[in-house]
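Listed here are the chains, written in short residue letters.
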Amino acid sequence: MQRIDTDVVIVGAGAAGLTAATELVKAGRDVVVLEARDRVGGRLWTGDVDGAMLEIGGQWVSPDQDALIETLDELGLETYPRYRDGVNVYIGPGGELKKFEGDIFPVPPATEQEIVTLIEKLDALVAEIDPEEPWAHPQAKDLDEISFARWLETQTDDDEARENVGMFIAGAMLTKPAHAFSALQALLMAASAGSFSNLVDADFILDRRVVGGLQLVPLGLAERLGDRVRLGQPVRTLRWSIEPTDGADGASAVVAVTDELEVHARQAILAIPPVLVNRISYEPPLPRRQHQLHQHLSMGFVIKVHAVYDTPFWREQGLSGTAFSPWELVHEAYDNSNHGDPRGTLVGFVADEAADGVFQLSAEERKAAILESMSHYYGEQAKHPVVYYESDWGSEEWTRGAYAASFDMGGLARYGADLRTPVGPIRFACSDMAGKGYQHVDGAIRMGRLVAAQILEAEPVEATAR
Ligand code: FDA
(Lines give C-alpha, C1' and ligand atoms only; values in the text may rest on other atoms or scores of the structure.)
Protein backbone atom coordinates (compact mmCIF):
# COMPACT_ATOMS: atom_id res chain seq x y z
CA MET A 1 0.00 0.00 0.00
CA GLN A 2 1.56 3.29 -1.10
CA ARG A 3 1.03 6.35 1.12
CA ILE A 4 0.50 9.80 -0.40
CA ASP A 5 0.11 13.00 1.60
CA THR A 6 -1.81 15.91 0.16
CA ASP A 7 -3.99 18.88 1.14
CA VAL A 8 -7.26 17.71 -0.41
CA VAL A 9 -8.20 14.25 -1.65
CA ILE A 10 -10.93 14.27 -4.27
CA VAL A 11 -12.93 11.13 -5.00
CA GLY A 12 -14.22 11.05 -8.58
CA ALA A 13 -12.77 12.52 -11.79
CA GLY A 14 -16.02 13.70 -13.35
CA ALA A 15 -16.67 17.34 -14.23
CA ALA A 16 -17.33 18.20 -10.55
CA GLY A 17 -14.21 16.58 -9.09
CA LEU A 18 -11.88 17.85 -11.80
CA THR A 19 -13.27 21.38 -11.51
CA ALA A 20 -12.75 21.37 -7.73
CA ALA A 21 -9.20 20.06 -8.24
CA THR A 22 -8.47 22.73 -10.85
CA GLU A 23 -9.69 25.55 -8.60
CA LEU A 24 -7.71 24.28 -5.61
CA VAL A 25 -4.52 23.89 -7.63
CA LYS A 26 -4.98 27.42 -9.04
CA ALA A 27 -5.04 28.61 -5.41
CA GLY A 28 -1.81 26.78 -4.63
CA ARG A 29 -3.21 23.69 -2.94
CA ASP A 30 -1.94 20.18 -3.39
CA VAL A 31 -4.61 17.69 -4.49
CA VAL A 32 -4.96 14.04 -5.43
CA VAL A 33 -7.95 12.91 -7.49
CA LEU A 34 -8.86 9.23 -7.14
CA GLU A 35 -10.97 7.84 -9.96
CA ALA A 36 -12.48 4.34 -9.96
CA ARG A 37 -12.62 3.96 -13.72
CA ASP A 38 -9.70 3.72 -16.11
CA ARG A 39 -10.80 7.00 -17.73
CA VAL A 40 -11.84 10.46 -16.57
CA GLY A 41 -15.20 12.10 -17.28
CA GLY A 42 -17.72 9.92 -15.44
CA ARG A 43 -20.98 10.55 -17.28
CA LEU A 44 -19.10 12.36 -20.07
CA TRP A 45 -17.69 9.78 -22.42
CA THR A 46 -16.94 10.00 -26.13
CA GLY A 47 -16.52 6.62 -27.76
CA ASP A 48 -15.57 5.27 -31.17
CA VAL A 49 -18.18 2.66 -32.06
CA ASP A 50 -17.59 0.87 -35.37
CA GLY A 51 -15.88 3.97 -36.72
CA ALA A 52 -18.51 6.43 -35.52
CA MET A 53 -17.76 9.09 -32.91
CA LEU A 54 -20.57 8.85 -30.36
CA GLU A 55 -21.22 10.87 -27.22
CA ILE A 56 -22.30 8.05 -24.95
CA GLY A 57 -23.12 10.35 -22.04
CA GLY A 58 -23.82 14.09 -21.75
CA GLN A 59 -23.35 16.29 -24.80
CA TRP A 60 -25.58 19.37 -25.11
CA VAL A 61 -24.81 22.88 -23.92
CA SER A 62 -27.53 25.52 -23.42
CA PRO A 63 -26.97 29.30 -23.52
CA ASP A 64 -27.68 29.86 -19.79
CA GLN A 65 -24.98 27.40 -18.68
CA ASP A 66 -22.38 30.08 -17.94
CA ALA A 67 -20.16 27.90 -15.75
CA LEU A 68 -19.83 25.29 -18.48
CA ILE A 69 -19.43 27.93 -21.20
CA GLU A 70 -16.63 29.62 -19.20
CA THR A 71 -14.88 26.26 -18.86
CA LEU A 72 -15.24 25.60 -22.59
CA ASP A 73 -13.68 29.02 -23.26
CA GLU A 74 -10.83 28.40 -20.79
CA LEU A 75 -10.06 25.11 -22.50
CA GLY A 76 -10.35 26.68 -25.97
CA LEU A 77 -13.11 24.28 -27.05
CA GLU A 78 -15.36 25.11 -29.98
CA THR A 79 -19.08 24.49 -30.17
CA TYR A 80 -21.55 24.03 -33.01
CA PRO A 81 -25.35 24.24 -33.12
CA ARG A 82 -27.59 21.18 -33.20
CA TYR A 83 -29.05 20.79 -36.71
CA ARG A 84 -32.64 22.00 -36.58
CA ASP A 85 -33.57 23.34 -40.05
CA GLY A 86 -36.90 22.05 -41.33
CA VAL A 87 -40.04 20.78 -39.67
CA ASN A 88 -40.39 18.71 -36.51
CA VAL A 89 -42.62 15.66 -36.15
CA TYR A 90 -45.12 14.71 -33.47
CA ILE A 91 -47.06 11.47 -33.07
CA GLY A 92 -50.35 11.84 -31.22
CA PRO A 93 -52.20 9.34 -29.01
CA GLY A 94 -53.85 7.66 -32.00
CA GLY A 95 -50.52 7.11 -33.76
CA GLU A 96 -51.11 9.90 -36.29
CA LEU A 97 -47.95 11.71 -37.44
CA LYS A 98 -48.06 15.50 -37.72
CA LYS A 99 -45.40 17.97 -38.78
CA PHE A 100 -44.94 21.22 -36.90
CA GLU A 101 -42.74 24.24 -36.29
CA GLY A 102 -42.27 26.10 -33.00
CA ASP A 103 -42.54 24.78 -29.46
CA ILE A 104 -46.17 23.72 -29.13
CA PHE A 105 -47.10 20.34 -30.53
CA PRO A 106 -49.76 20.16 -33.28
CA VAL A 107 -52.61 19.16 -31.01
CA PRO A 108 -56.35 20.06 -31.16
CA PRO A 109 -56.98 23.75 -30.27
CA ALA A 110 -58.54 22.95 -26.87
CA THR A 111 -55.53 20.81 -25.93
CA GLU A 112 -53.18 23.51 -27.16
CA GLN A 113 -54.92 25.97 -24.85
CA GLU A 114 -54.56 23.55 -21.93
CA ILE A 115 -50.86 23.12 -22.66
CA VAL A 116 -50.32 26.89 -22.82
CA THR A 117 -52.19 27.34 -19.51
CA LEU A 118 -50.20 24.54 -17.85
CA ILE A 119 -46.91 26.04 -19.02
CA GLU A 120 -47.96 29.47 -17.71
CA LYS A 121 -48.86 27.96 -14.33
CA LEU A 122 -45.60 26.06 -14.16
CA ASP A 123 -43.57 29.11 -15.17
CA ALA A 124 -45.30 31.14 -12.44
CA LEU A 125 -44.56 28.50 -9.78
CA VAL A 126 -41.01 28.03 -11.00
CA ALA A 127 -40.42 31.78 -10.73
CA GLU A 128 -41.13 31.45 -6.99
CA ILE A 129 -38.65 28.60 -6.51
CA ASP A 130 -35.00 29.23 -5.72
CA PRO A 131 -33.19 26.25 -7.29
CA GLU A 132 -30.53 26.54 -4.59
CA GLU A 133 -33.12 25.91 -1.89
CA PRO A 134 -36.46 24.66 -3.27
CA TRP A 135 -37.31 23.39 0.24
CA ALA A 136 -37.56 27.03 1.36
CA HIS A 137 -40.69 27.66 -0.76
CA PRO A 138 -43.68 28.26 1.57
CA GLN A 139 -45.58 25.35 -0.04
CA ALA A 140 -42.53 23.10 -0.38
CA LYS A 141 -43.86 20.35 1.86
CA ASP A 142 -47.27 20.23 0.13
CA LEU A 143 -45.68 20.28 -3.31
CA ASP A 144 -43.34 17.47 -2.27
CA GLU A 145 -46.21 15.28 -1.06
CA ILE A 146 -48.00 15.19 -4.41
CA SER A 147 -46.63 13.32 -7.41
CA PHE A 148 -46.10 15.35 -10.56
CA ALA A 149 -48.59 13.06 -12.36
CA ARG A 150 -51.25 13.72 -9.71
CA TRP A 151 -50.51 17.45 -9.69
CA LEU A 152 -51.07 17.54 -13.47
CA GLU A 153 -54.38 15.71 -12.97
CA THR A 154 -55.49 18.41 -10.53
CA GLN A 155 -54.81 21.04 -13.21
CA THR A 156 -56.48 19.58 -16.32
CA ASP A 157 -58.67 16.71 -17.52
CA ASP A 158 -57.00 16.80 -20.91
CA ASP A 159 -54.93 13.61 -21.23
CA GLU A 160 -52.94 14.72 -24.24
CA ALA A 161 -52.00 18.02 -22.55
CA ARG A 162 -50.92 16.19 -19.38
CA GLU A 163 -48.89 13.57 -21.23
CA ASN A 164 -47.03 16.18 -23.25
CA VAL A 165 -46.25 18.53 -20.37
CA GLY A 166 -45.41 15.58 -18.11
CA MET A 167 -43.01 14.13 -20.66
CA PHE A 168 -40.74 17.18 -20.56
CA ILE A 169 -39.87 16.56 -16.93
CA ALA A 170 -40.54 12.83 -16.56
CA GLY A 171 -39.17 10.93 -19.58
CA ALA A 172 -37.05 13.79 -20.86
CA MET A 173 -35.32 15.05 -17.70
CA LEU A 174 -35.67 13.11 -14.45
CA THR A 175 -36.15 9.92 -16.50
CA LYS A 176 -38.59 8.52 -13.98
CA PRO A 177 -42.35 8.03 -14.39
CA ALA A 178 -44.28 11.18 -13.39
CA HIS A 179 -45.94 9.23 -10.54
CA ALA A 180 -42.53 8.51 -8.97
CA PHE A 181 -41.38 12.04 -8.12
CA SER A 182 -43.02 15.05 -6.56
CA ALA A 183 -44.28 18.31 -8.03
CA LEU A 184 -41.54 20.06 -6.01
CA GLN A 185 -38.86 17.89 -7.63
CA ALA A 186 -40.35 18.76 -11.04
CA LEU A 187 -40.26 22.48 -10.19
CA LEU A 188 -36.61 22.21 -9.11
CA MET A 189 -35.78 20.60 -12.46
CA ALA A 190 -37.42 23.50 -14.33
CA ALA A 191 -36.04 26.19 -11.98
CA SER A 192 -32.53 24.84 -12.51
CA ALA A 193 -32.91 25.69 -16.22
CA GLY A 194 -34.38 29.17 -15.55
CA SER A 195 -38.03 28.36 -16.35
CA PHE A 196 -40.33 25.60 -17.49
CA SER A 197 -40.52 27.31 -20.91
CA ASN A 198 -36.77 26.86 -21.28
CA LEU A 199 -37.11 23.11 -20.68
CA VAL A 200 -39.87 22.84 -23.29
CA ASP A 201 -37.74 24.67 -25.82
CA ALA A 202 -35.46 22.09 -27.43
CA ASP A 203 -33.66 24.87 -29.30
CA PHE A 204 -32.65 26.31 -25.93
CA ILE A 205 -31.94 23.28 -23.79
CA LEU A 206 -30.31 21.24 -26.56
CA ASP A 207 -28.66 24.16 -28.27
CA ARG A 208 -25.03 23.32 -29.02
CA ARG A 209 -22.43 20.56 -28.89
CA VAL A 210 -18.67 20.60 -28.52
CA VAL A 211 -16.54 19.82 -31.55
CA GLY A 212 -14.87 16.53 -30.62
CA GLY A 213 -17.36 15.79 -27.83
CA LEU A 214 -18.11 17.12 -24.35
CA GLN A 215 -15.72 14.65 -22.72
CA LEU A 216 -13.01 17.05 -23.93
CA VAL A 217 -13.90 19.11 -20.83
CA PRO A 218 -12.80 16.52 -18.24
CA LEU A 219 -10.00 15.35 -20.52
CA GLY A 220 -8.69 18.93 -20.80
CA LEU A 221 -8.95 19.56 -17.06
CA ALA A 222 -7.27 16.23 -16.25
CA GLU A 223 -4.44 16.91 -18.68
CA ARG A 224 -3.61 20.12 -16.80
CA LEU A 225 -3.77 18.29 -13.46
CA GLY A 226 -1.31 15.67 -14.75
CA ASP A 227 -0.32 12.92 -12.32
CA ARG A 228 -2.48 14.39 -9.57
CA VAL A 229 -5.24 12.30 -11.19
CA ARG A 230 -4.96 8.58 -10.40
CA LEU A 231 -7.09 6.24 -12.53
CA GLY A 232 -8.28 2.74 -11.59
CA GLN A 233 -8.46 3.71 -7.91
CA PRO A 234 -11.93 3.01 -6.52
CA VAL A 235 -12.07 4.42 -3.01
CA ARG A 236 -13.24 1.59 -0.76
CA THR A 237 -12.80 3.18 2.66
CA LEU A 238 -12.72 6.70 4.02
CA ARG A 239 -11.27 7.09 7.51
CA TRP A 240 -12.10 10.45 8.96
CA SER A 241 -12.00 12.35 12.17
CA ILE A 242 -14.39 15.00 13.32
CA GLU A 243 -11.52 16.70 15.16
CA PRO A 244 -9.68 19.19 12.97
CA THR A 245 -6.00 18.25 12.72
CA ASP A 246 -3.07 19.81 10.92
CA GLY A 247 -1.42 16.43 10.47
CA ALA A 248 1.58 17.52 12.56
CA ASP A 249 1.38 14.50 14.88
CA GLY A 250 1.01 12.10 11.99
CA ALA A 251 -2.77 12.06 12.26
CA SER A 252 -4.72 13.02 9.18
CA ALA A 253 -8.20 14.43 9.17
CA VAL A 254 -9.11 12.05 6.38
CA VAL A 255 -7.57 9.01 4.69
CA ALA A 256 -8.97 7.67 1.42
CA VAL A 257 -8.10 4.03 0.88
CA THR A 258 -8.10 2.28 -2.50
CA ASP A 259 -6.73 -1.21 -3.31
CA GLU A 260 -3.26 0.31 -3.82
CA LEU A 261 -3.14 3.74 -2.22
CA GLU A 262 -3.69 5.44 1.11
CA VAL A 263 -4.14 9.15 0.55
CA HIS A 264 -3.83 11.27 3.70
CA ALA A 265 -5.30 14.75 3.57
CA ARG A 266 -6.85 17.51 5.63
CA GLN A 267 -10.01 17.66 3.54
CA ALA A 268 -11.90 15.33 1.21
CA ILE A 269 -14.37 16.00 -1.57
CA LEU A 270 -16.73 13.21 -2.58
CA ALA A 271 -17.39 14.21 -6.20
CA ILE A 272 -19.49 11.14 -6.91
CA PRO A 273 -23.21 10.60 -7.57
CA PRO A 274 -25.02 10.71 -4.21
CA VAL A 275 -26.38 7.19 -4.83
CA LEU A 276 -22.79 5.89 -4.64
CA VAL A 277 -21.90 7.57 -1.34
CA ASN A 278 -23.06 4.49 0.56
CA ARG A 279 -20.80 2.24 -1.50
CA ILE A 280 -17.78 3.51 0.45
CA SER A 281 -17.10 2.25 4.01
CA TYR A 282 -16.64 5.03 6.52
CA GLU A 283 -14.62 4.76 9.70
CA PRO A 284 -16.30 5.97 11.85
CA PRO A 285 -19.68 5.57 10.10
CA LEU A 286 -21.29 8.67 8.63
CA PRO A 287 -23.84 10.37 10.90
CA ARG A 288 -27.47 9.20 11.06
CA ARG A 289 -28.73 12.01 8.82
CA GLN A 290 -26.36 10.98 6.01
CA HIS A 291 -27.33 7.32 6.37
CA GLN A 292 -30.95 8.28 6.02
CA LEU A 293 -30.89 10.89 3.31
CA HIS A 294 -28.90 8.89 0.80
CA GLN A 295 -31.55 6.18 0.91
CA HIS A 296 -34.09 8.64 -0.47
CA LEU A 297 -32.24 9.40 -3.69
CA SER A 298 -32.24 7.24 -6.79
CA MET A 299 -30.97 7.43 -10.32
CA GLY A 300 -33.33 7.91 -13.23
CA PHE A 301 -33.02 5.50 -16.12
CA VAL A 302 -32.85 6.17 -19.85
CA ILE A 303 -31.33 4.46 -22.87
CA LYS A 304 -29.63 6.87 -25.25
CA VAL A 305 -29.86 5.27 -28.69
CA HIS A 306 -27.43 6.24 -31.46
CA ALA A 307 -28.22 5.35 -35.08
CA VAL A 308 -25.76 6.39 -37.79
CA TYR A 309 -26.72 6.42 -41.50
CA ASP A 310 -24.69 6.97 -44.67
CA THR A 311 -26.49 10.31 -45.12
CA PRO A 312 -28.87 12.43 -43.02
CA PHE A 313 -31.74 11.19 -45.22
CA TRP A 314 -34.47 12.92 -43.16
CA ARG A 315 -33.11 16.33 -44.17
CA GLU A 316 -34.01 15.54 -47.81
CA GLN A 317 -37.63 15.18 -46.63
CA GLY A 318 -37.45 18.66 -45.07
CA LEU A 319 -37.32 17.22 -41.54
CA SER A 320 -35.24 18.79 -38.79
CA GLY A 321 -34.82 15.42 -37.09
CA THR A 322 -36.57 16.69 -33.95
CA ALA A 323 -39.35 14.26 -33.01
CA PHE A 324 -41.61 13.78 -29.98
CA SER A 325 -44.31 11.49 -28.76
CA PRO A 326 -45.19 10.43 -25.23
CA TRP A 327 -46.88 7.40 -26.82
CA GLU A 328 -43.83 6.11 -28.67
CA LEU A 329 -41.16 3.81 -27.25
CA VAL A 330 -38.63 6.46 -28.34
CA HIS A 331 -40.31 9.48 -26.76
CA GLU A 332 -37.92 12.06 -28.27
CA ALA A 333 -35.27 12.01 -30.99
CA TYR A 334 -32.95 14.51 -32.68
CA ASP A 335 -30.49 14.99 -35.51
CA ASN A 336 -27.20 14.29 -33.79
CA SER A 337 -24.88 14.37 -36.80
CA ASN A 338 -21.34 15.23 -35.85
CA HIS A 339 -19.68 18.46 -36.89
CA GLY A 340 -18.21 18.08 -40.38
CA ASP A 341 -19.36 14.46 -40.74
CA PRO A 342 -21.14 13.65 -44.05
CA ARG A 343 -22.96 10.80 -42.34
CA GLY A 344 -26.21 11.43 -40.51
CA THR A 345 -26.78 10.44 -36.88
CA LEU A 346 -30.07 10.26 -35.05
CA VAL A 347 -30.21 10.07 -31.28
CA GLY A 348 -33.33 8.80 -29.54
CA PHE A 349 -34.28 8.19 -25.91
CA VAL A 350 -36.17 5.35 -24.25
CA ALA A 351 -36.95 6.25 -20.65
CA ASP A 352 -37.91 4.72 -17.30
CA GLU A 353 -40.52 1.91 -17.52
CA ALA A 354 -40.20 1.70 -21.31
CA ALA A 355 -36.46 1.13 -20.83
CA ASP A 356 -37.17 -1.59 -18.24
CA GLY A 357 -39.50 -3.20 -20.78
CA VAL A 358 -37.05 -3.34 -23.68
CA PHE A 359 -34.32 -4.72 -21.44
CA GLN A 360 -36.56 -7.79 -21.02
CA LEU A 361 -36.00 -8.44 -24.74
CA SER A 362 -32.99 -9.96 -26.48
CA ALA A 363 -30.53 -7.42 -27.90
CA GLU A 364 -31.85 -8.08 -31.41
CA GLU A 365 -35.48 -7.74 -30.44
CA ARG A 366 -34.71 -4.55 -28.53
CA LYS A 367 -32.89 -3.03 -31.48
CA ALA A 368 -35.79 -3.97 -33.80
CA ALA A 369 -38.38 -2.45 -31.42
CA ILE A 370 -36.41 0.78 -31.01
CA LEU A 371 -35.74 1.19 -34.74
CA GLU A 372 -39.39 0.41 -35.48
CA SER A 373 -40.35 3.30 -33.20
CA MET A 374 -37.79 5.61 -34.86
CA SER A 375 -39.21 4.64 -38.27
CA HIS A 376 -42.60 5.99 -37.18
CA TYR A 377 -40.97 9.44 -37.12
CA TYR A 378 -38.56 9.22 -40.07
CA GLY A 379 -39.84 6.42 -42.33
CA GLU A 380 -38.52 2.98 -43.28
CA GLN A 381 -34.93 4.15 -43.87
CA ALA A 382 -34.55 4.68 -40.13
CA LYS A 383 -34.61 0.89 -39.70
CA HIS A 384 -31.27 0.47 -41.47
CA PRO A 385 -28.45 2.32 -39.70
CA VAL A 386 -24.85 1.46 -40.52
CA VAL A 387 -23.91 1.86 -36.86
CA TYR A 388 -26.26 1.26 -33.93
CA TYR A 389 -25.46 1.66 -30.23
CA GLU A 390 -27.38 1.85 -26.97
CA SER A 391 -25.82 3.78 -24.07
CA ASP A 392 -26.73 1.68 -21.04
CA TRP A 393 -25.69 3.61 -17.94
CA GLY A 394 -27.73 1.32 -15.72
CA SER A 395 -25.03 -1.32 -16.16
CA GLU A 396 -22.20 1.06 -15.29
CA GLU A 397 -21.04 0.16 -11.79
CA TRP A 398 -19.74 3.67 -11.06
CA THR A 399 -22.92 5.46 -12.25
CA ARG A 400 -25.91 3.06 -12.07
CA GLY A 401 -28.44 5.00 -14.13
CA ALA A 402 -28.98 8.10 -16.24
CA TYR A 403 -29.10 10.97 -16.37
CA ALA A 404 -28.83 11.69 -12.66
CA ALA A 405 -30.26 11.26 -9.17
CA SER A 406 -33.41 12.79 -7.70
CA PHE A 407 -35.33 12.39 -4.45
CA ASP A 408 -38.28 10.10 -3.92
CA MET A 409 -41.66 11.55 -2.88
CA GLY A 410 -41.24 13.87 0.10
CA GLY A 411 -37.46 13.49 0.12
CA LEU A 412 -36.53 16.88 -1.30
CA ALA A 413 -38.38 18.91 1.37
CA ARG A 414 -37.27 16.52 4.10
CA TYR A 415 -33.59 16.06 3.27
CA GLY A 416 -32.65 18.44 0.46
CA ALA A 417 -31.14 21.09 2.72
CA ASP A 418 -28.66 18.55 4.15
CA LEU A 419 -27.47 17.05 0.89
CA ARG A 420 -24.48 19.38 0.62
CA THR A 421 -23.77 19.71 4.36
CA PRO A 422 -20.14 18.74 5.07
CA VAL A 423 -19.41 15.96 7.54
CA GLY A 424 -16.22 16.79 9.43
CA PRO A 425 -13.52 17.11 6.75
CA ILE A 426 -15.74 15.57 4.01
CA ARG A 427 -17.58 17.71 1.44
CA PHE A 428 -19.93 16.65 -1.32
CA ALA A 429 -20.07 17.87 -4.95
CA CYS A 430 -21.95 16.50 -7.95
CA SER A 431 -24.34 17.71 -10.65
CA ASP A 432 -27.05 15.78 -8.82
CA MET A 433 -26.95 18.18 -5.88
CA ALA A 434 -26.67 21.41 -7.86
CA GLY A 435 -29.32 24.14 -7.92
CA LYS A 436 -28.70 25.97 -11.17
CA GLY A 437 -27.58 23.39 -13.72
CA TYR A 438 -29.06 20.53 -11.67
CA GLN A 439 -28.41 17.16 -13.35
CA HIS A 440 -26.24 18.87 -15.97
CA VAL A 441 -22.52 19.39 -16.53
CA ASP A 442 -23.00 23.07 -15.75
CA GLY A 443 -24.27 22.08 -12.30
CA ALA A 444 -21.31 19.71 -11.79
CA ILE A 445 -18.90 22.56 -12.54
CA ARG A 446 -20.80 24.92 -10.22
CA MET A 447 -20.64 22.37 -7.40
CA GLY A 448 -16.93 21.76 -7.99
CA ARG A 449 -16.29 25.50 -7.78
CA LEU A 450 -18.48 25.85 -4.70
CA VAL A 451 -16.72 23.19 -2.59
CA ALA A 452 -13.31 24.44 -3.68
CA ALA A 453 -14.28 27.97 -2.58
CA GLN A 454 -15.57 26.63 0.74
CA ILE A 455 -12.28 24.83 1.39
CA LEU A 456 -10.25 27.91 0.49
CA GLU A 457 -12.40 30.01 2.78
CA ALA A 458 -12.16 27.52 5.65
CA GLU A 459 -8.38 27.19 5.47
CA PRO A 460 -6.18 30.25 5.21
CA VAL A 461 -3.34 29.80 2.74
CA GLU A 462 -0.61 29.74 5.42
CA ALA A 463 -2.19 26.73 7.07
CA THR A 464 -1.82 24.62 3.96
CA ALA A 465 1.96 24.37 3.66
CA ARG A 466 2.89 20.77 4.26
P1 FDA B 1 -19.98 11.94 -12.65
O2 FDA B 1 -20.88 10.80 -12.36
O3 FDA B 1 -19.77 12.32 -14.06
O4 FDA B 1 -18.54 11.69 -12.01
C5 FDA B 1 -18.37 10.96 -10.83
C6 FDA B 1 -17.06 10.19 -10.93
O7 FDA B 1 -16.84 9.51 -9.69
C8 FDA B 1 -17.09 9.11 -12.00
O9 FDA B 1 -15.98 9.23 -12.84
C10 FDA B 1 -17.05 7.78 -11.20
O11 FDA B 1 -16.37 6.77 -11.89
C12 FDA B 1 -16.30 8.23 -9.96
N13 FDA B 1 -16.55 7.40 -8.76
C14 FDA B 1 -17.72 6.98 -8.26
N15 FDA B 1 -17.50 6.29 -7.11
C16 FDA B 1 -16.17 6.28 -6.89
C17 FDA B 1 -15.33 5.74 -5.88
N18 FDA B 1 -15.82 5.06 -4.83
N19 FDA B 1 -13.99 5.93 -5.97
C20 FDA B 1 -13.45 6.63 -6.99
N21 FDA B 1 -14.21 7.17 -8.00
C22 FDA B 1 -15.55 7.00 -7.94
N23 FDA B 1 -25.65 16.88 -19.06
C24 FDA B 1 -25.60 17.97 -19.87
O25 FDA B 1 -25.20 19.05 -19.41
N26 FDA B 1 -25.99 17.88 -21.18
C27 FDA B 1 -26.43 16.71 -21.72
O28 FDA B 1 -26.74 16.63 -22.92
C29 FDA B 1 -26.50 15.57 -20.88
N30 FDA B 1 -26.93 14.38 -21.37
C31 FDA B 1 -26.68 13.22 -20.66
C32 FDA B 1 -26.87 11.98 -21.27
C33 FDA B 1 -26.54 10.82 -20.58
C34 FDA B 1 -26.77 9.48 -21.25
C35 FDA B 1 -26.04 10.90 -19.26
C36 FDA B 1 -25.66 9.65 -18.49
C37 FDA B 1 -25.87 12.12 -18.64
C38 FDA B 1 -26.19 13.29 -19.34
N39 FDA B 1 -26.01 14.56 -18.78
C40 FDA B 1 -26.05 15.68 -19.56
C41 FDA B 1 -25.67 14.68 -17.35
C42 FDA B 1 -24.18 14.95 -17.13
O43 FDA B 1 -23.42 14.05 -17.89
C44 FDA B 1 -23.87 14.80 -15.65
O45 FDA B 1 -24.74 15.63 -14.92
C46 FDA B 1 -22.43 15.21 -15.29
O47 FDA B 1 -21.51 14.71 -16.22
C48 FDA B 1 -22.11 14.69 -13.89
O49 FDA B 1 -20.81 15.08 -13.50
P50 FDA B 1 -20.31 14.76 -12.02
O51 FDA B 1 -18.87 15.06 -11.98
O52 FDA B 1 -21.19 15.45 -11.06
O53 FDA B 1 -20.57 13.19 -11.81
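As the structure is a prediction and not an experimental result, all values here were calculated from the model. (Residues numbered from 1 in each chain as written. Predicted model: local features only at pLDDT ≥ 70, side-chain atom pairs only at ≥ 80, totals over all residues. Heavy atoms only, no water.)

A. Here's a closer look at the overall build of the protein. From N to C terminus, the protein includes 16 helices and 23 strands. Taken over the C-alpha trace, the protein has a radius of gyration of 23 Å; the compact-globule value for 466 residues is 23 Å, and the two agree within 12%. When burial is assessed residue by residue, the protein has 58% of its 466 residues classed as buried. Across the protein, the fraction of contacts at a sequence separation of at least 24, relative to all contacts at a separation of at least 6, is 74%. Approximately 18100 Å² of the protein is accessible, and the part contributed by carbon and sulfur atoms is 49%. If the 40 positive side-chain charges of the protein are averaged to one point and the 72 negative ones to another, these points end up 5 Å apart. (Helix = DSSP H or I, 4+ residues; strand = E, 2+ residues; numbered from the N terminus. Rg over C-alpha atoms; globule rule 2.2 N^0.38 Å. Buried < 20%, exposed > 50% of the residue type's maximum accessible area, 1.4 Å probe, protein only. Contact = heavy atoms within 4.5 Å. Areas by Shrake-Rupley, 256 points an atom, 1.4 Å probe, with all protein chains shown as cover. Lys, Arg positive; Asp, Glu negative; His and termini not counted. Charge placed at Lys NZ, Arg CZ, Asp CG, Glu CD.)

B. View of the layout of surface pockets. What the largest pocket holds in volume is close to 460 Å³. Lining the largest pocket are 22 residues, and of these E163, M167, A170, P177 and A178 lie nearest its centre. For the lining of the largest pocket, the elements supplying multiple residues, two or more each, are α5 (148-155), α6 (159-174), β20 (344-351) and α13 (352-358). Here the lining of the largest pocket gets 7 residues from one element, more than from any other, and that element is α6. Its residues assigned to classes, the lining of the largest pocket comprises 11 nonpolar, 4 polar and 7 charged. Each of domain 2 (45-58 + 81-103 + 201-210 + 301-402) and domain 3 (105-197) contributes no fewer than three residues to the lining of the largest pocket. When its volume is computed, the second largest pocket comes out at roughly 200 Å³. Taken together, 15 residues make up the lining of the second largest pocket; nearest its centre are N88, G102, D103, D203 and T322. (1 Å grid on protein atoms, 1.4 Å probe; cavity = no way out; pocket = protein on both sides within 12 Å on 5 of 7 lines; lining within 4 Å. Points joined across faces, edges and corners; volume = space filled by probe spheres on them. Nonpolar A, V, L, I, M, F, W, Y, C, P; charged D, E, K, R; others polar. Domains from an automatic or database assignment.)

C. Summary view of the sheet that holds strand β3 (residues 31-34). Taken together, the 5 strands give an open sheet; going across it, the order is β10-β3-β2-β14-β23, and neighbouring strands pair in parallel fashion. The strands lining the two open edges of the sheet, one partner per strand, are β10 (229-230) and β23 (426-428). (Pairing = 2+ DSSP bridges.)

D. Summary view of the UniProt feature "binding site: FAD" (unreviewed entry) in the protein. Mapped onto this numbering, the UniProt entry annotates "binding site: FAD" (unreviewed entry) at E35, A36 and V235. Look at the named residues: they lie 201 residues apart in sequence, but the longest C-alpha span between them is just 7.8 Å, so in the fold they bunch up. Among the secondary structure elements, E35 is positioned in the loop between β3 and β4 (46-49). When residues no more than four places from it in sequence are discounted, the contact partners of E35 are G12, A13, G14, R230, L231, G232, Q233 and P234. Among the polar contacts made by the side chain of E35, one reaches the main-chain amide nitrogen of R37 at a distance of 2.8 Å. On the basis of relative accessible area, V235 is assigned to the buried category, the value being 7%. (UniProt positions renumbered as here; feature names shortened; annotations may be inferred. Polar contact = N/O pair within 3.5 Å; in protein donor to acceptor, adjacent residues only side chain to side chain.)

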